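Coordinate analysis (summary)
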Amino acid sequence: MAADCGIVVLISGNGSNLQALIDESGHRGYRVAGVVCNEPSAFGLRRAARAGIPAAVVEHGDYPERADFDRALLAAVEKFAPGLIVLAGFMRILGPAFIEASLGRMLNIHPSLLPAYPGMRTHARVLAAGEREHGATVHFVNEKLDGGPIVARSRLMVGEDDTADSLAARIRRLEHALYPRVVGWYAAGRLRLGRDGGVYLDGAKLPTTGVEASEVAASIRCRGVGEDTADAVNTSM
Ligand code: GRF
């Protein structure tokens, strides 16, 4: 992948992960080439405009047939000729044609420690189950909902006083640190989905639970190097 990898970010709402991806793009070796959104009123579109990033809106309501929506969405995405498609709070389920066309070049971020808690309302479910740990996961997207091969996870301890809202805020902070880094690995050609369905970082196959970002952060602190987690990953794998 070229050092100047263009990414397209798909959003439906607030776009705080989009913001983190924009803010970090300068020193992570990728550029946000475009934003595609299915909700015309999404705040994330204002973030894109503020950053001077072109955006396209494909309203799902305009397409009674899912396959037609998928086609229009894919056309909007491909106009930006992305090296990587980045789902960041995109709230529509993608159809098989879209996924097949994007296999190995589409990532998603999910607010749980996958494979635990796929789907919606993860924070409330984690609290109801009395879990001690919670987190965020970046994975390649395949046909299984929130079930694609895992690249990296970042975890936190659930506190006595945590609510679904406080967990949402804490998880967002993890996501904003994690997602641009993983996208940077891909942009640098270090990360790929293997033909065997495994995830490879610097040529080494990752465990099925991916990289543990907390270990990465710890090893960075120990080594006293800047922020480049990719180097630290190598030492911790
Ligand atoms: C994030 O929590 C992400 O994990 C999930 O949707 C949320 C998007 O938040 N997929 P934002 O729009 O980036 O603020």
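Cut-offs used in this document
Residues numbered from 1 in each chain as written. Predicted model: local features only at pLDDT ≥ 70, side-chain atom pairs only at ≥ 80, totals over all residues. Helix = DSSP H or I, 4+ residues; strand = E, 2+ residues; numbered from the N terminus. Contact = placed C-beta atoms within 7 Å. Near = placed C-beta within 6 Å. Nonpolar A, V, L, I, M, F, W, Y, C, P; charged D, E, K, R; others polar. Buried ≥ 20, exposed ≤ 12 C-beta atoms within 10 Å, placed from the backbone. Pairing = 2+ DSSP bridges. Right-handed = clockwise from strand over helix to strand, strands pointing away. Expected span 1.5 Å × (residues − 1). Axes fitted to C-alpha atoms, helices over the stretch in contact; angles between N-to-C directions.

Assigned secondary structure in the chain consists of 8 helices and 11 strands. In the chain, 66% of the contacts between residues at least 6 apart in sequence involve partners at least 24 apart.

Residues in close proximity to the ligand total 13 residues, the closest being Asn14, Ser16, Asn17, Gly89 and Pro111. Among the secondary structure elements, those contributing two or more residues to the shell around the ligand are helix 1 (16-24), strand 5 (106-110) and helix 6 (164-187). Residues that form the shell around the ligand fall into these classes: 4 nonpolar, 7 polar and 2 charged.

Our focus in this paragraph is helix 1. Looking only at helix 1, the buried set comprises Asn17, Leu18, Ala20, Leu21 and Ile22. As for helix 1, its buried residues are in contact with strand 1 (5-11), strand 2 (30-37), helix 2 (43-50), strand 4 (84-87), strand 5 and helix 6.

Moving on to the pairing of strand 2. Judged by how many residues are buried, strand 2 sits mostly within the fold: 6 of 8 residues are covered. In the sheet, strand 1 pairs with strand 2 via 7 bridges, with the strands oriented parallel. Each bridged residue has a counterpart across the sheet, and for Gly6 the counterpart in strand 2 is Arg31. Handedness of the crossover joining strand 1 and strand 2 through helix 1: right-handed. Handedness of the crossover is the feature at issue here: the chain leaves strand 2, passes through helix 2, returns alongside strand 3 (residues 55-57), and the resulting connection is right-handed.

This part covers helix 6. Within an α-helix, residues lying three or four positions from one another point in the same direction, as the helix has 3.6 residues per turn. Between its terminal C-alpha atoms helix 6 stretches 33 Å, which fits the 34 Å expected from 24 residues at 1.5 Å a residue. Where helix 6 ends, the next residue or the one after it, Gly189, has phi of about 75°, a positive value.

Attention shifts here to the sheet that holds strand 10 (residues 204-205). One open sheet holds the 3 strands; their spatial order is 8-9-10, and the pairing between them is antiparallel. A single partner strand is all that each edge strand has here, and the edge strands are strand 8 (191-193) and strand 10.

Right, let's talk about the sheet that holds strand 2 for a bit. Spatial ordering of the open sheet is given by 3-2-1-4-5-6-7-11, a layout of 8 strands whose pairing is mixed. Both outer strands of the open sheet, strand 3 and strand 11 (211-212), are each paired with one neighbouring strand and no more. Of the strand pairs in this sheet, strand 6 (residues 133-140) and strand 7 (residues 150-157) are connected by 7 bridges, and their pairing is antiparallel. The partner of Glu133 across the bridge, within strand 7, is Met157. Helix 3 (residues 66-78) contacts strand 1, strand 2, strand 3 and strand 4 of the sheet and is inclined by roughly 155° relative to strand 2. Sheet strands in contact with helix 6 are strand 1, strand 2, strand 4, strand 5, strand 6 and strand 7, and its direction is about 30° off that of strand 6.

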